[in-house]
Amino acid sequence: MAQVLSFIMKLNTKRTFQFIWKHIKVYKGLAFLMIFALIMAVGLSLVVPYFYKLFFDLLVSDQTPEQLAPQLIRIITIIAGIYGVQWVFWRITNFSNDFFQPRVMANIMNEGAEYLQNHSYRFFANHFMGSLVRKVGRLARAFEGISDKIYWDLIPLVLRVVIIFGILFYIQPVIGVAMLVWTIFFVGFNYFFSHYKLKFDVAKAKADTKISGTLADMLTNNINVKLFASLDWEAKNFNAVTQDAFEKNKKSWNLGSIAEAVQTFFMIMLEFIIFYFAIKYWKQDLLTVGDFVWIQAYLIDLFIQLWNFGRIIRELYERLADAEEMIEILNEAHEIKDVENAPVISVTRGKIELKAVEFSYDQERSIIHDFNLSIKPSEKIALIGPSGGGKSTITKLLMRFFDIQKGEILIDGQNVAQVTQDSLRASVSFVPQDPTLFHRSLMDNIRYGRRDASDEEVIMASKMANCHEFIQNFPQQYETFVGERGIKLSGGERQRVA
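Worth saying up front: this structure is predicted, and the values here are computed from it rather than measured. (Residues numbered from 1 in each chain as written. Predicted model: local features only at pLDDT ≥ 70, side-chain atom pairs only at ≥ 80, totals over all residues. Heavy atoms only, no water.)

The subject of this paragraph is a nonpolar patch on the surface. Together, Tyr52, Phe56, Leu59, Val60, Tyr83, Ile279, Trp282 and Val289 make up an exposed nonpolar region whose accessible area comes to about 710 Å². Mapped by element, the contributors of at least two residues to the nonpolar patch are α2 (28-59) and α8 (231-283). No other element matches α2, which puts three residues into the nonpolar patch. By secondary structure assignment, the location of tyrosine 52 is in helix α2. (Patch = residues over 30% accessible without salt bridge, like charges linked within 9 Å, V, L, I, M, F, W, Y side chains within 5 Å. Areas by Shrake-Rupley, 256 points an atom, 1.4 Å probe, with all protein chains shown as cover. Salt bridge = Lys/Arg side-chain N within 4 Å of Asp/Glu carboxyl O. Helix = DSSP H or I, 4+ residues; strand = E, 2+ residues; numbered from the N terminus.)

Our focus in this paragraph is the pattern of salt bridges. Scanning the entire structure with this criterion turns up 16 salt bridges. Across the pair aspartate 322 and arginine 138 runs a salt bridge whose closest N-O atoms are separated by 2.9 Å. Placement of aspartate 322 in helix α9 (residues 289-330) and of arginine 138 in helix α5 (residues 129-171) is noted, with a sequence separation of 184 residues between them. Comparing aspartate 322 with arginine 138, the two get one shared label, buried. Between glutamate 457 and arginine 450 there is a salt bridge whose closest N-O contact spans 3.1 Å. (Buried < 20%, exposed > 50% of the residue type's maximum accessible area, 1.4 Å probe, protein only.)

A positive phi angle is found at aspartate 370, which is not glycine, with a value near 45°. Tracing the backbone through its elements, the reader meets aspartate 370 in strand β2 (residues 365-375). Accessibility expressed as a relative area gives 43% for aspartate 370, which makes it partly exposed. Positive phi, close to 50°, is recorded for aspartate 412, a residue that is not glycine. If you trace the backbone, aspartate 412 turns up in the loop between β3 (406-411) and β4 (414-415).

This is the structure:
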């Protein structure tokens, strides 16, 4: 089981990076500019310590202040010039990123919303709406976190480490080798520890999503909670969910604290080892005072970068964990799909036929078996039967919210499974038993069936549906917002608006 879970996690991580790259490559020219500017900015920052080495070597030389002053001023002028050029490259990275990240995040939100909307009726029946909304938002924020960790942290870290190693090998190979061995152990520990911690981060993310879903379900059904005086029971249920999240958060955070404790120990040991060798070579006149300053500047830089490495990797895995819930959904095939090159349905008469239709929601419960029905154009019929007998299911099959297992459903001789879903649903008017409205104005909700309708046409339709009168009684009339799912209206009012 553990091996299967590990494989799924690796697959989802690969899919997450593929998904991110798909969105990045749309702006690959800008991305390359940002990376080039970042490389230049980081590279220039590592040139500066060399000039400070020269500065301090001059200070301890035998020259007089009159001789030293012009040379020192020339050095600090060079340093100021380097900082000036570096400032330009940092501004390029900042302003480019100010467009790049928000644009990609918006694109991700758009794709997530569109892909979710194309999932089936069954999919939405099996998921909390609040959780789905949160997953889309978390995917976009996860991209922001992942790109931040890679662009602002990992790329500069790798550049700094490689350049600093090269310089330390140049100053004194033994110090460079000591740093290299230490860094391999340090980075290896952080990588494997962060990989081990990933499963706890995934569990933490799932627990967080469950909190959102449970809370949304409880608040959406607040009237039922009041009607059944079940606030205490719901509170205890929610407390159990938050307690589970607390345990998973505590476990993840404790592991993070352990990692930091080990990192601190590694750094104390490195500081001692490097300066032990530095003092040894200084006694042999192989290092100058300026070299000490040079080495110390790079050590401090490395400590900051490598200390952050563990945090960067842990946070990167946490953002991956946040993203992977939505990535799973984006890689889940849509249950109801148009056939290839599906034509648009053409409804001229409105004859409906169900021929030998068989349907079940699952393998254990058959709802409709060998069902036949023919409805003539303009004919009005009523389906009568017990609850659970399949009356509502037939209308859902006609709208192709589900696919049947056997048989055919025809409208004017056209199989609904062979035409586009959008054209089918645009050709059939359907008012569900419990209609839901958008939290928008009454004008917007009524116009939703034909979005190019004029205000006069909306009012005419309202009069025909006998809802104009009660709309007139609202202070804002047709500009009245109806609340989430139309909660501000009665059941009958919602049906008339629908």
